[in-house]
Structure formats: C-alpha cells, structure tokens
Protein chains: 2
Amino acid sequence: MRKLVALPVLSADALSSVAYGPEALLAVLVLAGTAGLGYVFPVSGAIVLLILVVGLSYRQTIRAYPHGGGSYIVAGDNLGPVAGLVAAAGLMTDYVLTVAVSIASGVAAVTSAIPGLASVTVPLGLGVIALLLAGNLRGVRQAGVLFAAPTYAFIIAMFLLIIIGLTQGFGEGFTPRPGDPAVTATEGVGLLLIMRAFSSGATAMTGIEAISNAVPAFRPVAWRQARTTLSWMTGLLIAMFAGIIVLAHVADVVPSGQETVLSQLAHLSFGSGWLYVFVQAATAAVLLLAANTAYNDFPRVLSLLARDEFAPRMFMRLGDRLAYSNGIILLSLAAALVFVAFDGQTTALIPLYAVGVFLAFTLSQCGMVVHWWNKRSPNWRRSMAFNALGALLSFLVFITAGISKFTSGAWVAILAVGLFLLLTLRIHRHYSSVRAGLRLRPDTAPAPQRTATGAPENEEREELPDDVHHLVLVALATLDLAGLRALAYAASLGQPVLALHIGLTEEEAQRSRAYWTAWGDHVPLEIVVSPYRATVAPLVHYVQALHQQHPGLTLTVVLPEIVTRHRRYQLLHNRTAPRLRRALRPLPKVVITAVPFHV
Amino acid sequence: MRKLVALPVLSADALSSVAYGPEALLAVLVLAGTAGLGYVFPVSGAIVLLILVVGLSYRQTIRAYPHGGGSYIVAGDNLGPVAGLVAAAGLMTDYVLTVAVSIASGVAAVTSAIPGLASVTVPLGLGVIALLLAGNLRGVRQAGVLFAAPTYAFIIAMFLLIIIGLTQGFGEGFTPRPGDPAVTATEGVGLLLIMRAFSSGATAMTGIEAISNAVPAFRPVAWRQARTTLSWMTGLLIAMFAGIIVLAHVADVVPSGQETVLSQLAHLSFGSGWLYVFVQAATAAVLLLAANTAYNDFPRVLSLLARDEFAPRMFMRLGDRLAYSNGIILLSLAAALVFVAFDGQTTALIPLYAVGVFLAFTLSQCGMVVHWWNKRSPNWRRSMAFNALGALLSFLVFITAGISKFTSGAWVAILAVGLFLLLTLRIHRHYSSVRAGLRLRPDTAPAPQRTATGAPENEEREELPDDVHHLVLVALATLDLAGLRALAYAASLGQPVLALHIGLTEEEAQRSRAYWTAWGDHVPLEIVVSPYRATVAPLVHYVQALHQQHPGLTLTVVLPEIVTRHRRYQLLHNRTAPRLRRALRPLPKVVITAVPFHV
C-alpha cells in the first residue's frame, strides 16, 4: 500500500474517534457546570500529551516488529502467553465496543441531522450491523478509493469546520443561540470527575495501534513508510482533537441529548446548508468505516487464538470467500447485544470502552520494554524509554478508567475480560488433554492387520476384540422406499441385520408387523411401542439394552435420510437424525450410518 | 376447570386489552383536537355493540364445537382447507402481535410509574420475552391461583379506578392539572380518522375467542359452563371499556407519549400512593399473563398445521417437558423482531394488530354460518343469524382497519398473512410430492433377498445393482487414535478400504506418507494436497471423481468423530463433519458413517 492509501484506510478508526472523544470529555465536565468546564484545557492538554507519547511509543513497535506487531503477539512474545491472553481479552472487548460505539456515534450523526429518526436509533444501528455482517461475510476488503474517500472527506470536513468556526468565533463573534440551555451543575468538581473526564476523552485515541499491526502491507521500506504514516496520523489526530475542543469552548457548545457536539458546531458555522450535510455525512461514513476495521481485526485475532488452541478451532476456518465467517458472526452478535443493551447511546457505551483499549496498550508497551531489554539493539535505551513512558501512561489511564467509571459501566468490560481469560484457558486445557489422549503410542497401538481370512486384527484390544462382531440395526420410522434403501445397504454389508421400528400405538405396531410379514419378512423386525410421539428415547434405550446383553457387539445404527433436490426443503425432513446422533454419541461401540435417499 | 378459575385464566387476554384499546382509540381522535374527541361516544358505542355481537356469536360456536372450536378448525371444517389456512395466518400474526403489544403495553405501565426506566424500554421488553421463552420451554402451565390472581387484581383495580374516579369527577370535580398539554388539532375530522379510531379501539376485544377454544377444559356440562363464562367475560369487558372511556372523557385525559392513559387516570384518583402502584402492577401483571396465553396458543395451532402437513414437521415435536419447544422459540423470535422493529411502542404496533384478529374472526364466523346451514339443528336460524351478524361486523372492521391503517402499519400484517399462505401451501405441496415419491409400489419394489452366498439381492435395480460393490473411504484429518479406530472399523466390515488424507502442504503430505509407511502401510493411503486450509471441497471433489470412474461403486465415507465426556466441550470438535455431511448429501450412492472415539 502507498502511504496516501494506507493513511485513510488504517487511520479511519483512530481519526473517527474525535467524533465522540471530545464530546465524551465535555459530557463529564458539564456535570459540574461552568466550574467543571473550566478544566477543559488542562484535561485536554493531558490527553494530547498522551496521544503524543503513545504515538511515539508505537513508532518503536513498528521498528521492532516489521512483520506486524499486534498487542497479542507483542505481549505474548515478550511477557508470556498469559499476558498475551490478557492483551487479547482487552483487544476483543475493544473491537466489540469499537463496532458498538462507532455505530452509535454514526447513528447520532444521522439523527442530529434528521431528528425524526431519533426514535428508531436501535433498529437503525442493528440494520447497520446486519449490513456489515453481510458485507464482510461476502468478503469486502479494506482497500481502494471506496475506503479512502470517507477518511479524507472527514479530515477535510473537520478542518473546514475548525478553521471557519474559529475565524467566525474570534472575528465576528458567534451570535448567541436562542434557547441555549443553561449549564447547571449537578456534581461538584472533584478528582473523580476530572479522572472520569480524562478517561472519557482518551477514547479519542482508540484505534491508534492499527498501523503497527499492518506494517507488512506497506511498500518497501515498509517500516519506514509505516512510521511516517503513523506520525502523520498522530499529528492529524492531535490537531483535530484540540481544534474541536477549542472551537466548542469558544462557541460555548455543550453536549445535549438530542444533537451531537459536532452537529451543533456545524450548525453554528454552516447553518443547515450543504456544508452542514457534508460534515454529518462524512462523520457517519468514517464511523461506519471505523466499525468495519473491527470486522477485519476481531476475526483475525480470534483465528490467532484458535491457532494457539485458546479458542474453538472453528474460528480458524476460512469460508468460501476467504473470510473468517465464524468470527465475523460472533462479532456481530456481541456488538448487537451490547448495542441493544445500552440502547444505542454513545454516552452509555463510553465508560466500557477505555478499559479494554488501555489494557491492551499497556501490555503491548510493557512487552516492548522487555523486548528492548533482551535485544539491546542500537538505540535500545531511547526506544525502551519511550515504550516505558507509553506503558506507564496507558496503565494510568487504564487504572483511572477502571476506578472512576467502575459503577457506570467499566465493570462490564472488566467482567468481560475476566470471563474471556477463564474461557480461553479452559479451552486450552481441554485441547491439550484431548491431544494427549489421541496421540499414537508405538507400544500401545499396533497397526490393524488383515488376517488370512480377510478379517482385520484390531488395535484397540480392550474395546474392539480381535474379530469384531457386528450387528447392523436399521431404524425405520415408516416402511417406505427410503427405509428399504437403508435395509438394502445394511444387508449388502454381509453382516447380521436387525430392523427396528418405533410404533406410536399398539394398533400401528400390529399393522406394521402385518405389513412386514406380507412384504416377505426377509430381515428380523423388532417393534418398540412408544406413546407421546417420542422416537429418540425408545431407540436409545433399545440400543443400551442390546449393548448390556451383548457387550462384545459393535452396533452400526443405519438411518434412512431423505435428501431433497433443493436445499431449502431440507429443513422439512430428518429433524430427528441430529438429535438421535447426539443421544447415541456417548454410547460406546455405536457407529452411526446415514443412507441417503434422493427424492 | 371451575368457572371461577376458567374466567381469569381464559379471559386475561381479552380483559387486558382494555389497557391499550381505549388509549389507542383516544390517540387517533386526539389528532383532530377537541372536535375529534367529540366523536368518542359514537365510536365507543359502536365498539361496545361490536363486542356484544361477537360475544353472542361465539356463544353459538361454543354450542356447536364442544370439543373446542379454534378459527383454524371451524373455518377449515366448513369453508375448506384454504379458508382454514387464511384463518390460521390471521391467528398466527395475531399471536405474535399479542405478545408484542401486551409486552409493550405492560412495559409502558411500568415506565409510567417509574419514568427513569423509559430509556430502556426495548431491553426491558426483550428481557420479558426471554423470560416467557424460558418459562414456557420449561413447561409452565396456565392454571392455578398464580394465574388467576393477576386477572382478578386487574378487574378489581379497574373497577376501583372507574368507580372512585367517576365519583370524584361528578362529585367534587377534578382539580385542573398543572401543565396540561393543550389539545391542538393536526388533522381534520374525516371518515378516515373515524375509521382509524374505530379499528384502533376495536383492539380492546382481542382475545375474546379464547373461551371457545378451550371448551373441553370446563367441568360438565362443559359447553354450558363455557357459555356462562363467556357471558361474564363479555359483560366485564364492556363495563371496563365503557368505564375507562367515560372516565377519560370526564377527567379530560388524553394520551401522552410519556404516560399511559390508565396511569394518568390512576394518578388523578389515587395520587402516587399504594393504590396507584396497585393499579399499575395489576395492569403489568395481567398483560404479562395475556402475552403468556399466546405462548400456549401459537405452538398449538402450529402443531395442528404441522399435523396437516402445512408446517414443518418439527413443530409437531413435544419436548422433554411436553411443550412444543420449536413453536415457542419461533414465537419468541418473531415477537422480539416485531418488538424491536417498532421500538417497543404500543401506538406503533396497534395498526398491525386489528387486521389479523378480525380476519380470523370473520372466517371463523363465516364457517359457523355454513355449519348451521348444513346441520339445521334446533334453533339453527337464530344461531346462524347471530353468526352472520358477527361475520359481517368482523369483516367490516377488517376492511376498515386494512384501508384506514394500511400505510401506518397494516400493510405489514397483510404482507405477513400473504407470505404465510404462500409458505404453508408450498410446504404442503412439497410434503405431498415427497410422500408420493416414497410410497412403496408392490410392482417396482421387490424385497431384498439374501442369496445363497449371504449377499442380498437389491430392490433398487437401477441404482444399486444385484451385487453391491462397496468401497469404504476413511477420511483422516490427522493420524491419531481416533483415525485408527475408524480404520479398524472400516477394515472389520470385510469390504475394500481406502484411507484418504487431506494435507495442507506438500511437506506435510510427504511427512504423513512417511509416517504411514513406518506404521505399516496396511491400508492403501491416498493424499490430496489442499492449500487455503480447505478440507471439505477437496474431499468432495475426490469422491465425485471416484464416482465418475467407478459409477457402480457404493461409497461409504467413514469419519472419525471425537466425543468428549462433557457435552459443552463438543463445540470444540468435529466442526467439519456437519459441513462434509451437507456437501456429500446430494451425491448419489454415498453413505456417511461416523465412528466415535471417546476421549
């Protein structure tokens, strides 16, 4: 990728964060009224410093991990697998929240422009998630002009807004708005409030790590190009963040429930003309793009976890369109759940957001400190210092967010991280024990050998004896062509066959028996009468009883299976087969065979 | 059931409708301001008349169908299966909307009392649906004191409210409320508005048919008891509906977005004391109970449709707790979808509601007219007259609702009914054709006969030739104990065996080959190299190619299957098996066998 393409594609997530970061900061400060708003510059200054330090810190990561250094890899490599997992836990909650927050904020940009849509916020957001799900399952790739345009449009819109707004503000002065809501304090200014404001505003830098993950996608010399792009992004982020804060201060704009701060600022500068529409449309578009980046990253990290046996293997599977479909579906479900639970409100989601992000940042930077200490490559002292500073500040934000917003939502994120850790470690333990159980041991598992009579010797002496005794059991629901096909297959195997029919009433059983006799009685038939229309349980009981009587038998249960020409009709048939499969699976020495019949 | 138990259980749905019916009526009239509200008595009078006629009409149904006369059965019996299906379509949309509307209205009762919860309307409603889902899957039965209490509490609350309210209103006069919103007209009074108000108010009688469905549940003489109960219910319904309308008129209460009419009335009469809380709690409880009745009826009607082959057979299945689990799940999903799509707002849902209800009413009453005409039992003329009048009025409401509220939501209900018809007819056609395809024909399907050598003759001459030639194909992902078990099973069948391994890289393939040779090479091994981690497609292609070369072969594909001790770990294994099954299913003469290995 060239820098001019990489910049918009990789920085959409970070830059779009200024659509909600400054607003989140102001929304906390305004709780303490005018006194609270007086702290806007110190708090914002601290955030700008933070962006600068973390940006410099990630410059070091790019140099050290030219093949891409995501938090999971960097933390896992240098601090051990558990630290990697914690970083991954932070990342995963972060990605889910990126989708939820970006969509909530994007929908707010739309409803600010068209207030009539405010009542359908939740359906609108769910619609967008469905769209992202469908698009990514079909394999949309993040590249090309289509993906570069919204970011550039947003950058242009923000700079237009800031420059024109400030010119107006300092030149002519703003006209006081009619019906301006009075700022009344509901809380006093305290350390906790300032901490909350700081950690809320810090969400403006979410997504800043994206470039360090994607170094190999740059043109050579990749790491140099990536560093330059990162510097550009950091600069733009700081300029836009600071500009919006200053403009909002000058224009006396405070967050309101109905309209976003950006929309209020745009209204002030541009009225309701096409420039206003441009700002809102660019904001919504870049936020949609930001949500889409999570759709690339979440399934990728999950597939790394699956590769390392920390997540179910199904997340490693590439679909027909080379997309990790299962990860994409999981992300959509989780984001939709979070979105609905918090009613699609950005302000309600922000407290959850900072925790995961800065947890991953902290561990990634800590990993880099260890990396430099071990490597001692040229300039290692300076790089280590930058990373250490980044780690320290990120850790401070993490702690700040965790404490000050614990009750207002951060506990959900912390709980999610904890559950994620428990779950992944448990999965890993399970996979390890299964792998040990399946391993071939030369001494215990001799190869099967065909004996002179053609029957094979068997390797599992305790369970399948030397000559395997078979009984093939054909389960018949009704006596039809599909059932006969299954019977014919069973008989052709050359092993003893028994047909089993579950009758619903005594009369039906007698009718079936008579029919069977008339038909020829070539295969012994057993009829079990079951009231209550149950079919699975009686069959399982029969198999269990048979097994107790003849523990040496290997039972092959043959099920006729109706196959329809069109797949959509398949839903109308064979619904008992999966349940039967599940019920028979735990029994020893029971093999299940499905014989298809094509209608 | 005794009458005193039957009344509350079976009439919860109908009586609870007065929580939203009068409000829906007023909400339409208020659009035309004071002039519109002037029409409240004529419109309400018409609705009272409608309730009376439909009530009398259902008395006839009870006499004629002492074993329970749901709309599907009555319409299907007398007017033919398609009319039955149309009635069922109306019923099914009705049940889904009963759940959505009752929960929306119940949540509104709660948020009227606790305005702070208004922002979580949608999550709250989804939580209630989840609760109903879980409860009904576990087999909650609608009987006993637990289910009788809310209805009686609601009846008492309504009569207290109406009597005390009217006494205060006519005696002392109400104190004018501060900040009473001025009633401004946004529409003129016209026929369409009156029609809309009428059909909105008519939702107050939804659920009136419940008693006629449940006649056999009464004590003997059942139909007499049921008729008496129906009369009581009709009387209560009319009294409560009329009382609320009169009280709202006297107290000058009009619907507001934030608070229900009932809550406003209760506030006026009782302030915010415990009597107010009692009214709101009773309203919420009876609405929850009403939603629960749909959880009994929807799966039952669906199982009847499945029995008649108009719906997938899986809806006929009784779960472990003797509940139609699949129907319960489908109802929950549909209701949740509707609830979220309309943002949990009763007013938005009402336009959808009337269409389905009155469609089913109309067809059921029409069926009764035909029934009396054919039977000519004593007093048939009078009964037929009542039913004809009921059919006519129901039809008028159906048409009124369909026309006047078409654009505001009725089109959704009409579309749902249409789609339902299409789908059920299509399913019926499919089942019929499959049944025909599976039927045994004495001439074409001779019985399989064991030949002298023990090999059976086969009945499907064109597809399975006289002596079936088998090839058993063992698909191995890795060479482990589970794979060896599958190989041993395959070899023990005494048929030719071929092992097939999908290698991901050329090196891995060579390594596997070397390992196989070292292990003994007892069974021929074929290795297919597949890039992109795909395993299903290469295997399917291999099977297809094998089939083209040897069209006479019956292929048995043996899959090793890992079985974990705890079912929850099963999710971590064998995720490719179902996909492989789906992919191999359409191929002719391919049988799939799963050999379990217990870890």
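Structure's up top.
A brief look at the structure comes next. All figures in this text were calculated on a predicted structure; none of them were measured in a lab. (Residues numbered from 1 in each chain as written. Chains lettered and ligands numbered in written order. Predicted model: local features only at pLDDT ≥ 70, side-chain atom pairs only at ≥ 80, totals over all residues. Heavy atoms only, no water.)

## Overview of the overall build of chain A
Alright, step 1. Counting its secondary structure elements, chain A contains 21 helices and 5 strands.
Alright, step 2. Computed over C-alpha atoms, the radius of gyration of chain A comes to 32 Å, more than 25% over the 25 Å expected from 2.2 N^0.38 for 599 residues, which places it beyond the range of a compact globule.
Alright, step 3. Projecting the C-alpha coordinates of chain A onto the three principal axes gives extents of approximately 105 × 60 × 45 Å.
Alright, step 4. Counting all 599 residues of chain A, 57% fall into the buried class.
Alright, step 5. In chain A, once contacts between residues fewer than 6 apart in sequence are set aside, the share between residues at least 24 apart is 79%.
Alright, step 6. Carbon and sulfur atoms form 65% of the exposed surface of chain A, whose accessible area is close to 24600 Å².
Alright, step 7. Side-chain charges in chain A split into 41 positive and 30 negative, and the spacing between the mean points of these groups amounts to 10 Å. (Helix = DSSP H or I, 4+ residues; strand = E, 2+ residues; numbered from the N terminus. Rg over C-alpha atoms; globule rule 2.2 N^0.38 Å. Buried < 20%, exposed > 50% of the residue type's maximum accessible area, 1.4 Å probe, protein only. Contact = heavy atoms within 4.5 Å. Areas by Shrake-Rupley, 256 points an atom, 1.4 Å probe, with all protein chains shown as cover. Lys, Arg positive; Asp, Glu negative; His and termini not counted. Charge placed at Lys NZ, Arg CZ, Asp CG, Glu CD.)

## A short note on the interface of chain B and chain A
How big an interface is tends to be stated in terms of the accessible area lost upon association of its parts.
Alright, step 1. Taken together, the contact pairs 84 residues of chain B with 84 residues of chain A.
Alright, step 2. In total, chain B and chain A occlude about 7800 Å² of area from one another, counting both sides; carbon and sulfur atoms represent 62% of this.
Alright, step 3. Close ionic contact of A:E561 with B:R585 constitutes a salt bridge, the shortest N to O distance being 3.3 Å.
Alright, step 4. Viewed at the interface, chain A and chain B are joined by 25 residue pairs in polar contact (both at pLDDT 80 or more).
Alright, step 5. Secondary-structure elements contributing two or more residues to the side of chain B that touches chain A are helix 7 (121-137), helix 14 (325-341), helix 17 (406-438), helix 18 (481-492), helix 19 (506-519), strand 4 (553-563), helix 21 (576-584) and strand 5 (590-598) of chain B.
Alright, step 6. With 9 residues, strand 5 of chain B is the single largest residue contributor to the side of chain B that touches chain A.
Alright, step 7. Taken together, the residues of the side of chain B that touches chain A break down into 47 nonpolar, 16 polar and 21 charged.
Alright, step 8. The pairing of strand 5 (residues 590-598) of chain A with strand 5 of chain B spans 3 bridges and is classified as antiparallel. (Buried area = accessible area lost by both parts, 1.4 Å probe. Salt bridge = Lys/Arg side-chain N within 4 Å of Asp/Glu carboxyl O. Polar contact = N/O pair within 3.5 Å; in protein donor to acceptor, adjacent residues only side chain to side chain. Nonpolar A, V, L, I, M, F, W, Y, C, P; charged D, E, K, R; others polar. Pairing = 2+ DSSP bridges.)

## Quick look at helix 6 (residues 81-113) of chain B
Alright, step 1. Look at helix 6 of chain B: 47 Å from first C-alpha to last across 33 residues, which is about the 48 Å you get at 1.5 Å a residue.
Alright, step 2. Most of helix 6 of chain B sits inside the fold, with 29 of its 33 residues counted as buried. (Expected span 1.5 Å × (residues − 1).)

## Examining the pairing of strand 4 (residues 553-563) of chain A
Residue and element names in this part refer to chain A.
Alright, step 1. In terms of burial, strand 4 is largely enclosed, as 10 of its 11 residues are buried.
Alright, step 2. Here 6 bridges tie strand 1 (residues 469-476) to strand 4, and the two strands are oriented parallel to one another. Across the sheet, H469 pairs through a bridge with L553, a residue of strand 4.
Alright, step 3. Relative to strand 5, strand 4 runs parallel, the two being bridged by 9 bridges.

## Looking at the sheet that holds strand 1 of chain A
Alright, step 1. Read across the sheet, 10 strands follow the order 3(A)-2(A)-1(A)-4(A)-5(A)-5(B)-4(B)-1(B)-2(B)-3(B) without closing on themselves; strand pairing throughout is mixed. Pairing within the sheet leaves two strands with one partner each, and these edge strands are strand 3 (525-529) of chain A together with strand 3 (525-529) of chain B. The sheet shows a mean angle of 25 degrees between the axes of neighbouring strands, taken without regard to direction.
Alright, step 2. Packing against the sheet, helix 21 (residues 576-584) of chain A makes contact with strand 4 and strand 5 of chain A, and its axis sits at approximately 170 degrees to strand 5 of chain A. (Axes fitted to C-alpha atoms, helices over the stretch in contact; angles between N-to-C directions.)

## Let's talk about the pattern of salt bridges
All names here are of chain A.
Alright, step 1. Under the counting rule described, the total for this entry stands at 10 salt bridges over all chains.
Alright, step 2. As a salt-bridge pair, E309 and R313 come within 3.9 Å of each other at their nearest N and O atoms.
Alright, step 3. Since its relative accessible area comes to 14%, E309 is described here as buried.
Alright, step 4. When salt bridges with common partners are traced through the structure, they connect E309, R313 and R435 into a single cluster.

## With respect to the relation of the copies chain B and chain A
Alright, step 1. With an RMSD of 0.1 Å, the fit of chain B onto chain A corresponds to turning through 180 degrees and sliding 0.1 Å along the axis. Considering both components of the superposition, the chain copies are consistent with a two-fold axis. Considering only C-alpha atoms, the residue of chain B closest to the rotation axis is B:T593, which sits at 2.1 Å.
Alright, step 2. Mapped onto chain A, 99% of the interface residues of chain B are again interface residues, and the two copies thus contact each other with one and the same surface. (Least-squares fit on C-alpha atoms with pLDDT ≥ 70 in both.)

## Thoughts on the environment of A:T564
Alright, step 1. With respect to the helices, strands and loops of the structure, A:T564 is situated in the loop between strand 4 and helix 21.
Alright, step 2. Its relative accessible area of 7% is what places A:T564 among the buried residues.
Alright, step 3. For the pair A:T564 and A:V599, spaced 35 residues apart in sequence, the C-alpha to C-alpha distance is 5.6 Å.
Alright, step 4. Apart from the residues lying within four places of it in its own chain, the contact partners of A:T564 are A:Y569, A:Q570, A:H573 and B:H430.

## Thoughts on the pairing of strand 2 (residues 497-503) of chain A
All names here are of chain A.
Alright, step 1. In terms of burial, strand 2 is a largely internal element, 7 of the 7 residues being buried.
Alright, step 2. Residues of strand 2 alternate between two faces, with V497, A499, H501 and G503 on one and L498, L500 and I502 on the opposite face, all of them buried.
Alright, step 3. In this sheet, strand 2 lies alongside strand 1 in parallel orientation, the contact comprising 5 bridges. Looking across to strand 2, one finds that V472 is bridged to V497.
Alright, step 4. Once the chain exits strand 1 it traverses helix 18 (residues 481-492) before rejoining the sheet at strand 2, and the crossover so formed is right-handed.
Alright, step 5. Strand direction decides the pairing type here: strand 2 and strand 3, joined by 5 bridges, are parallel. (Right-handed = clockwise from strand over helix to strand, strands pointing away.)

## Looking at the packing of aromatic side chains
Centre distance and the angle of the planes are the two values used to describe a pair of aromatic rings.
Alright, step 1. All told, the structure shown has 10 aromatic pairs over all chains when counted by the stated rule.
Alright, step 2. Aromatic side chains A:F358 and A:F361 sit 5.3 Å apart centroid to centroid with 80 degrees between the ring planes, which places their arrangement in the edge-to-face category. Taken as a pair, A:F358 and A:F361 lie in helix 15 (residues 346-375) at a separation of 3 residues, close to a single helical turn. Exposure class is identical for A:F358 and A:F361. Each is buried.
Alright, step 3. Centre to centre, the rings of B:Y58 and B:F361 are 5.7 Å apart; their planes meet at 70 degrees, and the pair counts as edge-to-face. In this pair, B:Y58 is assigned in helix 4 (residues 40-64) and B:F361 in helix 15 (residues 346-375), connecting sequence segments 303 residues apart.
Alright, step 4. For B:Y58, a relative accessible area of 2% corresponds to the buried category.
Alright, step 5. Connected via pairs of aromatic rings, a cluster forms that spans A:Y58, A:F358 and A:F361.
Alright, step 6. One cation-aromatic arrangement involves A:R376 over A:W373; the distance from NZ or CZ to the ring centre is 4.1 Å. (Phe/Tyr/Trp six-rings, centres within 6.5 Å; stacked < 30°, edge-to-face > 60°. Lys NZ or Arg CZ within 6 Å of the ring centre and 35° of its normal.)

## Considering the environment of A:F310
Residues and elements named next belong to chain A.
Alright, step 1. The residue F310 is located in the loop between helix 13 (274-307) and helix 14 (325-341) in this model.
Alright, step 2. When its relative accessible area of 9% is taken as the criterion, F310 is described as buried.
Alright, step 3. For the pair F310 and L421, spaced 111 residues apart in sequence, the C-alpha to C-alpha distance is 9.4 Å.

## With respect to unusual backbone geometry
Most peptide bonds take the trans configuration, and most residues that are not glycine carry a negative phi.
All names here are of chain A.
Alright, step 1. In this chain, P220 is followed by V221 through a cis amide linkage whose omega measures -5 degrees.
Alright, step 2. In this structure, V221 sits in the loop between helix 10 (210-213) and helix 11 (222-251).
Alright, step 3. Positioned with a positive phi, D252 is a non-glycine residue whose angle comes to about 60 degrees.
Alright, step 4. Tracing the sequence through the fold places D252 in the loop between helix 11 and helix 12 (261-270).
Alright, step 5. Among the residues examined, D252 registers a relative accessible area of 57% and is labelled exposed.

## Description of a nonpolar patch on the surface
Residue and element names in this part refer to chain A.
Alright, step 1. Judged by side-chain polarity, F406, W411, I414, L415, L419 and L422 come together as a nonpolar surface patch covering roughly 610 Å² of accessible area.
Alright, step 2. Position of I414 among the secondary structure elements: in helix 17 (residues 406-438).
Alright, step 3. For I414, a relative accessible area of 35% puts it in the partly exposed group. (Patch = residues over 30% accessible without salt bridge, like charges linked within 9 Å, V, L, I, M, F, W, Y side chains within 5 Å.)

## Considerations on the packing of helix 6 of chain B against helix 7 of chain B
Residues and elements named next belong to chain B.
Alright, step 1. Packing of helix 6 against helix 7 brings their axes to within 10 Å, and their N-to-C directions diverge by 125 degrees. By the angle between their axes, helix 6 is oblique relative to helix 7. Two packed elements cross with a definite hand, and for helix 6 against helix 7 that hand is right-handed. Contacts between helix 6 and helix 7 involve I103, V107 and T111 from the former and T121, L124, G125, V128, I129 and L132 from the latter. (Parallel < 35°, antiparallel > 145°, perpendicular 65-115°, else oblique. Left-handed = near helix turned anticlockwise from the far one by under 90°.)

## Notes on the side chain of A:K589
Alright, step 1. Along the chain, the position of A:K589 falls in the loop between helix 21 and strand 5.
Alright, step 2. From its side chain, A:K589 meets the backbone oxygen of A:G552 in a polar contact 3.2 Å long.

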